[in-house]
Structures are given as structure tokens and as C-alpha cells.
Amino acid sequence: DNVYIQSQLLAAVWHVLQRPFKLHSLNAHDPLPGYGQQGLHADWGGERGTGQYHVVNSMWMLDDVTPGNGATRLVPGSHLLTETVHDATDDPLARHPDEVYLCAPAGSVGIFNGNAWHGCTHNRSTSASRRLLHCAFIAREHAQQTNQKEYLRAESAARISPLAKYVLDVGRGRHPMAEGWSSVAGWSSLGAGRLQPSRAATARAARSHAAPGRTPIPTTMTLPTVVAITRDGVHFTAGASAVASTR
């Protein structure tokens, strides 16, 4: 629960979409050594270049992410383009001259506009794990990739907060502002139109039985870096471990 209702994450999503939204999907990605290369793609397949955005994705880095173990590459500014990847490139699998790698230590979160061209790269290591949890959001007028109402258990519905119900779109949840939560870290930054993340922010990760040779996923992870690709570019904030900032 602490992933999809993390306050700074929700603030970043609002900053990009500028309207009510809900959870789109939750999934994980762990390219095996020797595999992982993806063609550049966008998470939004509809109309582009209108100045209105529909999807925001986030990557919760459960392992250190490096250029050698399958980091996600991203083309800054591509969220502004009217062309699709296939219209603008001959080979989406090939290196793009403007691509950057989203690299950060375990516990970091990368947030990006779903219109941006991106893709996983080849895990060139012999044994390094590169586990990511993807948590995506979509504007509220669109259908979810995973309809949470079809999977929500009664015990979960009784346990989760009004904010969680709102984000999951599973019933009588209320927008956080209606709950008087405007002072919550992250939400308070919405009026300023910028992120003001705290280094002390934490998020709980799911427990995992580590496979041989893997580092167990910690129960609690700090968020040393927030990487956000917003309406006006790429921003690396809230941590000394950030990679170079690119406009």
C-alpha cells in the first residue's frame, strides 16, 4: 500500500497529469543476465503533442541500477513529440543519440511521463540482479490496465484507507484534498507546481525470499533520489546519488 499512495509520488503524478488520476498497473521487471533489451516505446499509445498527458510511470529500484545491469534508457524531451517511436526511428532497438540512463542505488524511485520514449537495456552482467517494481498511474477518465475492482479482496477493502480506495478506484474513496490532507509532505507542493521531496521519506517494499546470490529486498527502503520527467524536462532531485540532470 505504501507504494501507490506514497505522497511525493502522487504529487509528481499530479504535476504531470494536472487532473484526477488512478492506479493503472503494478508489475515487476527483472531482466536475466544476457537479456533485457527493449525497443524504445511510450506507455501512452494515444494522441500525442496536445500538451495533455495521460500516463505516468514510476520505477521502484529494489537493486542498484547501473548501465551494465539493464538500466532503463530514456530520451529526454520525447514526451513533447507528435511522432511515435516507429514514425521517427528506423530501429527502436538501436541506441538513440539523445538517450540517457536512469541509474540510481537501491531504494530510489524514478518517475517519468508516459509519453516519453524509454526501454530496458541489455543486462550485460553475469549475475547481477536488476529488480524493479513498476507502479503506473492513468488519468481518471481512462480504463485501468488492471481493473482493481475485479481483484480486491473483502479483507483488503476493510483495511485500506480512503486515499487508497480513491487511487485504486474501488469504491467510496475520497480525493486527499477532501480529507484535509493538504499539509501532507508531497501534496503540499502541488500548489507550488513543483516537487519538494524529503530525503527522510521512506517506503515499504514487499518481503521477498532471496534467490541464491541475490540480496534480499529490505522491508523498509529510504528514497535517496527522485527522478522526475515532467512537463518541461528531466529532473534529478532530493539526493546526492543522482545522475547528471538533462533538459
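The structure we're discussing is the one just above.
This structure is a prediction, so every number in the text was calculated from the model and none was measured. (Residues numbered from 1 in each chain as written. Predicted model: local features only at pLDDT ≥ 70, side-chain atom pairs only at ≥ 80, totals over all residues. Heavy atoms only, no water.)

(A) Summary view of the overall build of the chain. Along the backbone of the chain there are four helices and 11 strands. Scored against the burial criterion, the 247 residues of the chain give a buried share of 47%. Of the contacts formed within the chain by residues at least 6 apart in sequence, a portion of 79% connects residues at least 24 apart. When the accessible area of the chain is evaluated, it comes to approximately 11800 Å², of which 51% is carbon and sulfur surface. (Helix = DSSP H or I, 4+ residues; strand = E, 2+ residues; numbered from the N terminus. Buried < 20%, exposed > 50% of the residue type's maximum accessible area, 1.4 Å probe, protein only. Contact = heavy atoms within 4.5 Å. Areas by Shrake-Rupley, 256 points an atom, 1.4 Å probe, with all protein chains shown as cover.)

(B) Expanded view of the pattern of salt bridges. Applying the stated criterion across every chain, the model contains seven salt bridges. For the salt bridge of Arg-131 with Asp-63, the shortest nitrogen-to-oxygen distance reads 2.8 Å. You can see Arg-131 sitting in the loop between strand E6 (118–120) and strand E7 (132–139) and its partner Asp-63 sitting in the loop between strand E2 (55–61) and strand E3 (72–74), a full 68 residues away along the chain. Judged by relative accessible area, Arg-131 falls into the buried class, the value being 7%. A relative accessible area of 8% places Asp-63 in the buried class. (Salt bridge = Lys/Arg side-chain N within 4 Å of Asp/Glu carboxyl O.)

(C) Quick look at unusual backbone geometry. Not every positive phi belongs to a glycine, and Gln-18 is a case in point at roughly 60°. Along the chain, Gln-18 falls in the loop between helix H1 (7–17) and strand E1 (21–29). Unlike most non-glycine residues, Asp-169 shows phi in positive territory, near 60°. For Asp-169, the location among the structural elements is in the loop between helix H4 (162–168) and strand E8 (202–204). For Asp-169, a relative accessible area of 18% puts it in the buried group.

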